[in-house]
Amino acid sequence: GVYVGQGATFIMNDGSIINNSTYGDSEQKGPGGGVYVGQGAAFTMNGGFITENWSQGSNTCQGGGVYVEQEGTFTMNGGTINENISTGNGSGVYVADNSTFSFNNNAQVINNLRQFDDNVYWAEKTENIYLAANAMIHITEPLDGARAGVTRAQAKDAPLPIHPRRRSDRCDRLSSNLAPNPII
């Protein structure tokens, strides 16, 4: 996979990040199966695929596809994040507290799966983008064919923390293109 260290920048224009894994247990966390964006680091995805990656172990194994550490930035201008698996939150993308995820153009975060033990049986659910309590989604360009589902850490009835930068109608476009998990 890709590790973007503290304060570093990585730009992905095409290609694939595929079939990587991390493992964590109660002593050690294992987030970011495909990509780990460190504190204060920036990852920009303009195209390509992040697919079939795993973040597995205890429930701290978040971000099967991408994990964005506190104060990190992930800008997704295009490409697809799909078919990633985690045993913690954010099977496609996990956005930690005080981090930013920019979602633009025709980017797609779809068909990512969280597997977990609910104390009765092993369960699965679609979980594409997970926003921690103080994480933000920014829309800076029109969404043209974009698809994703968003789960957030706060109460279900609270509005998504979406901050369009240019035109006020971006929120309307977002609500028609970003659906709560799962996408129907």
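Draft legend 1. Examining the overall build of the chain more closely. Check the secondary structure of the chain and you find one helix and 22 strands. The buried share among the 184 residues of the chain stands at 52%. At a minimum sequence separation of 6, the contacts of the chain that also span at least 24 residues come to 77%. When the accessible surface of the chain is summed, it comes to about 8700 Å², and 44% of that surface belongs to carbon and sulfur atoms.

Draft legend 2. Expanded view of the packing of aromatic side chains. Applying the stated criterion across every chain, the model contains eight aromatic pairs. Measuring from ring centre to ring centre gives 5.3 Å for Y3 and Y36, while their planes differ by 10 degrees; the resulting arrangement is stacked. Here Y3, found in strand β1 (residues 2-4), pairs with Y36, found in strand β5 (residues 35-37); they are 33 residues apart in sequence, far enough to count as distant. Where Y67 meets Y94, the ring centres are 5.1 Å apart and the plane angle is 5 degrees; that geometry is what we call stacked. Placement of the pair is Y67 in strand β9 (residues 66-68) and Y94 in strand β13 (residues 93-95), with a sequence separation of 27 residues. In this structure an aromatic cluster arises from ring pairing among Y3, Y36, Y67, Y94 and Y130.

Draft legend 3. Local environment of the side chain of S86. Within the secondary structure, S86 sits in strand β12 (residues 85-86). On the basis of relative accessible area, S86 is assigned to the buried category, the value being 0%. In this structure the side chain of S86 is engaged in a polar contact, spanning 2.6 Å, whose partner is the backbone oxygen of G88. The residues touching S86, leaving out its near neighbours within four places in the chain, are S55, C61, G63, G64, S91, L113, R114 and Q115.

Draft legend 4. Quick peek at the pairing of strand β20 (residues 147-152). Counting buried positions over the six residues of β20 gives five, a clear majority of the element. Taken together, the two bridges between strand β15 (residues 108-110) and β20 define a ladder with parallel strand orientation. Bridge pairing links Q108 to R147 in β20.

Draft legend 5. How the structure looks around the pattern of salt bridges. Taken as a whole and judged by the stated rule, the model has one salt bridge. The salt bridge involving K125 is made with E127; its shortest N-O contact spans 3.5 Å.

Draft legend 6. Main features of the pairing of strand β14 (residues 100-103). Of the pairings in the sheet, the one linking strand β10 (residues 73-76) to β14 comprises four bridges and is parallel in character. Within β14, the position partnered with M76 by the bridge is F103. Inspection of the sheet shows β14 paired to strand β19 (residues 136-139) by three bridges, in the parallel sense. Paired with S102 across the two strands is H138, which belongs to β19.

Draft legend 7. Main features of the confidence of the model for the chain. Here the chain averages 81 in pLDDT, and 75% of its residues register 70 or above. Scored below 50 in pLDDT, residues 155-159 shows two contacts in the model against residues more than four places distant or in partner chains. Considering only residues more than four positions removed or in separate chains, one finds that residues 163-184, a stretch of pLDDT under 50, has 48 contacts.

Draft legend 8. Layout of unusual backbone geometry. For E71, which is not glycine, the phi torsion reads 65 degrees and is therefore positive. On the secondary structure map, E71 appears in the loop between β9 and β10. Backbone geometry places E83, a non-glycine residue, at a positive phi of 60 degrees. Within the secondary structure layout, E83 lies in the loop between β11 (80-82) and β12.

Draft legend 9. Looking closely at the nonpolar core. Core analysis: the largest hydrophobic core is formed by 30 residues, its most contacted members being F43, I50, V66, F74, M76, I81 and F103. With residues near it in sequence (within four places) discarded, F43 still touches V4, F10, M12, V35, V37, I50, T73, F74 and T75. Counting six residues, the second-largest nonpolar core is a separate cluster that includes Y36, Y67, Y94 and A132.

Definitions and limits used
Residues numbered from 1 in each chain as written. Predicted model: local features only at pLDDT ≥ 70, side-chain atom pairs only at ≥ 80, totals over all residues. Heavy atoms only, no water. Helix = DSSP H or I, 4+ residues; strand = E, 2+ residues; numbered from the N terminus. Buried < 20%, exposed > 50% of the residue type's maximum accessible area, 1.4 Å probe, protein only. Contact = heavy atoms within 4.5 Å. Areas by Shrake-Rupley, 256 points an atom, 1.4 Å probe, with all protein chains shown as cover. Phe/Tyr/Trp six-rings, centres within 6.5 Å; stacked < 30°, edge-to-face > 60°. Polar contact = N/O pair within 3.5 Å; in protein donor to acceptor, adjacent residues only side chain to side chain. Pairing = 2+ DSSP bridges. Salt bridge = Lys/Arg side-chain N within 4 Å of Asp/Glu carboxyl O. pLDDT = per-residue confidence, 0-100. Core = buried A, V, L, I, M, F, W, Y, C linked by side-chain atoms within 4.5 Å.

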